[in-house]
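Now for the letters of each chain:
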Amino acid sequence: DTAVSQTPKYLVTQMGNDKSIKCEQNLGHDTMYWYKQDSKKFLKIMFSYNNKELIINETVPNRFSPKSPDKAHLNLHINSLELGDSAVYFCASSQFALFPGGGELFFGEGSRLTVL
Amino acid sequence: AQTVTQSQPEMSVQEAETVTLSCTYDTSENNYYLFWYKQPPSRQMILVIRQEAYKQQNATENRFSVNFQKAAKSFSLKISDSQLGDTAMYFCAFMKRSAGNQFYFGTGTSLTVIP
């Protein structure tokens, strides 16, 4: 049973289209994230939600809109796609480390978005 | 703000040899965690090892161990008896322990294990 699952795994679309990537975690974690990994493999935080509340909103175009209907889900919607949006998008989750151990990020398998 | 620096963009090592990947970080926090993640060509991000800052003892996981120097803000990863399956990108990460853990990643080191 996959801990963090995101769909779709691959997405090819035309410039100007709108697309969504869905993410679900079954770990009971209270924090979820979206990361963007570009062609140079740099991992950049985009958004973070803690208990459905947005806590990190890095400088990303407002064409990107996250939505967290509940603690277990964090979806990413992208409007008016541009060539520069092509990347791998990772969803991840973590739990506040109250005790020794824990706290690490659990990643989904990534969604490769290609904008033509 | 926290920064994580990996000064080695690419490294290679002969199979069965030992290699060390370097990582330094900058923070004024006292309560934090450090991680090494591995990303093989399959692109899945896999946790390799974790270190809590309050622990002086270096973490080890089988062939993987760290050299954690808190005063120097250094967190290097040593891979012993390198295997072909160790070929991957390795990311060092700093986590500020707070409600909604905040993670900061280095730029990665691409490691190739040569048969």
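Within each chain, residue numbers correspond to sequence positions counted from 1 in written order. The lettering of chains begins at A and the numbering of ligands begins at 1, in the order of writing. It should be noted that, the model being predicted, local features are given only for residues of pLDDT at least 70 and side-chain atom pairs only at 80 or more, the latter also being counted only at that level, while totals for whole chains, interfaces and linings use all residues. Here the side-chain values reflect all heavy atoms present in the structure, with hydrogen atoms and water set aside.

(A) Inspection of the overall build of chain B at higher detail. Strands are runs of DSSP state E lasting at least two residues, helices are runs of H or I lasting at least four, and both sets are numbered from the N terminus onward. Counting its secondary structure elements, chain B contains 0 helices and 12 strands. Scanning chain B from its N terminus toward the C terminus, one meets helices and strands in the order β-β-β-β-β-β-β-β-β-β-β-β. C-alpha atoms define the radius of gyration, and 2.2 Å times the number of residues to the power 0.38 defines the globule rule. Its C-alpha atoms give chain B a radius of gyration of 14 Å, within 12% of the compact-globule value 13 Å for 115 residues. Across its three principal directions, the C-alpha atoms of chain B cover 45 × 25 × 20 Å. Using a 1.4 Å probe, accessible areas were evaluated by the Shrake-Rupley method; residue-level cover was limited to the displayed protein chains. When the accessible surface of chain B is summed, it comes to about 5300 Å², and 45% of that surface belongs to carbon and sulfur atoms.

(B) Quick peek at the layout of surface pockets. Residues are said to line a cavity or pocket when one of their atoms sits within 4 Å of a point; the points come from a 1 Å grid over protein atoms alone, cavities being sets where a 1.4 Å probe fits but cannot get out and pockets being open sets with protein on both sides within 12 Å along at least five of seven lines. Grid points are joined across faces, edges and corners, and a volume is the space filled by probe spheres set on the points. Estimates place the volume of the largest pocket at around 270 Å³. Surrounding the largest pocket, 14 residues form its lining, Leu43 and Ile45 of chain A together with Phe103, Tyr104 and Phe105 of chain B being those nearest its centre. Among the secondary structure elements, those contributing two or more residues to the lining of the largest pocket are strand 5 (43-50) of chain A together with strand 11 (102-105) of chain B. At 4 residues, the largest contribution of residues to the lining of the largest pocket is made by strand 11 of chain B. Classification used: nonpolar for Ala, Val, Leu, Ile, Met, Phe, Trp, Tyr, Cys and Pro, charged for Asp, Glu, Lys and Arg, polar for all others including Gly. Broken down by class, the residue content of the lining of the largest pocket amounts to 8 nonpolar, 4 polar and 2 charged.

(C) Summary view of empty space enclosed by the protein. Residue and element names in this part refer to chain A. Scanning the entire structure with this criterion turns up 1 cavity of 30 Å³ or more. For the largest cavity, the calculated volume is near 40 Å³. Considering the residues around the largest cavity, the lining is formed by Asp30, Met32, Tyr49, Asn50, Asn51, Lys52, Ser68, Asp70, Lys71, His73 and Leu74. Counting residues per element, the ones that place at least two in the lining of the largest cavity are strand 5, strand 7 (64-70) and strand 8 (73-78). For the lining of the largest cavity, the per-class residue count stands at 3 nonpolar, 4 polar and 4 charged.

(D) Summary view of the sheet that holds strand 8 of chain A. Residue and element names in this part refer to chain A. As summarised here, the arrangement of the 4 strands in space is 1-3-8-7, forming an open sheet in which the pairing is antiparallel. The outermost strands of the open sheet, each flanked by one partner alone, are strand 1 (4-7) and strand 7. When the angles between neighbouring strand axes are averaged without regard to direction, this sheet yields 15°. Relative to strand 8, strand 3 (residues 19-25) is paired through 4 bridges, and the arrangement is antiparallel. Of the residues in strand 8, the one forming a bridge with Ile21 is Leu76. DSSP-based pairing: two strands are paired if at least 2 bridges between them are found. Working convention: axes come from line fits to C-alpha atoms, limited for helices to the stretch in contact. Angles between N-to-C directions cover 0 to 180 degrees.

(E) Here's a closer look at the side chain of Thr13 of chain A. Residue and element names in this part refer to chain A. With respect to the secondary-structure elements, Thr13 resides in strand 2 (residues 10-13). Classification of Thr13 by relative accessible area gives buried; the value is 5%. Polar contacts here mean pairs of N or O atoms no more than 3.5 Å apart (in protein, one a potential hydrogen donor and the other a potential acceptor; neighbouring residues in sequence count only if both atoms are side-chain atoms). Here the side chain of Thr13 touches Asn17 through a polar contact of 2.9 Å, side chain to side chain. Contacts: residue pairs with any heavy atoms within 4.5 Å of one another. Those residues in contact with Thr13 that lie beyond four places of it in its chain are Lys19, Leu81, Leu113, Thr114, Val115 and Leu116. We call a residue buried when its accessible area falls under 20% of the maximum for its residue type, exposed when it is over 50%, and partly exposed in between, using a 1.4 Å probe and counting protein chains only.

All quantities given are derived from atomic positions and should not be read as evidence of function.
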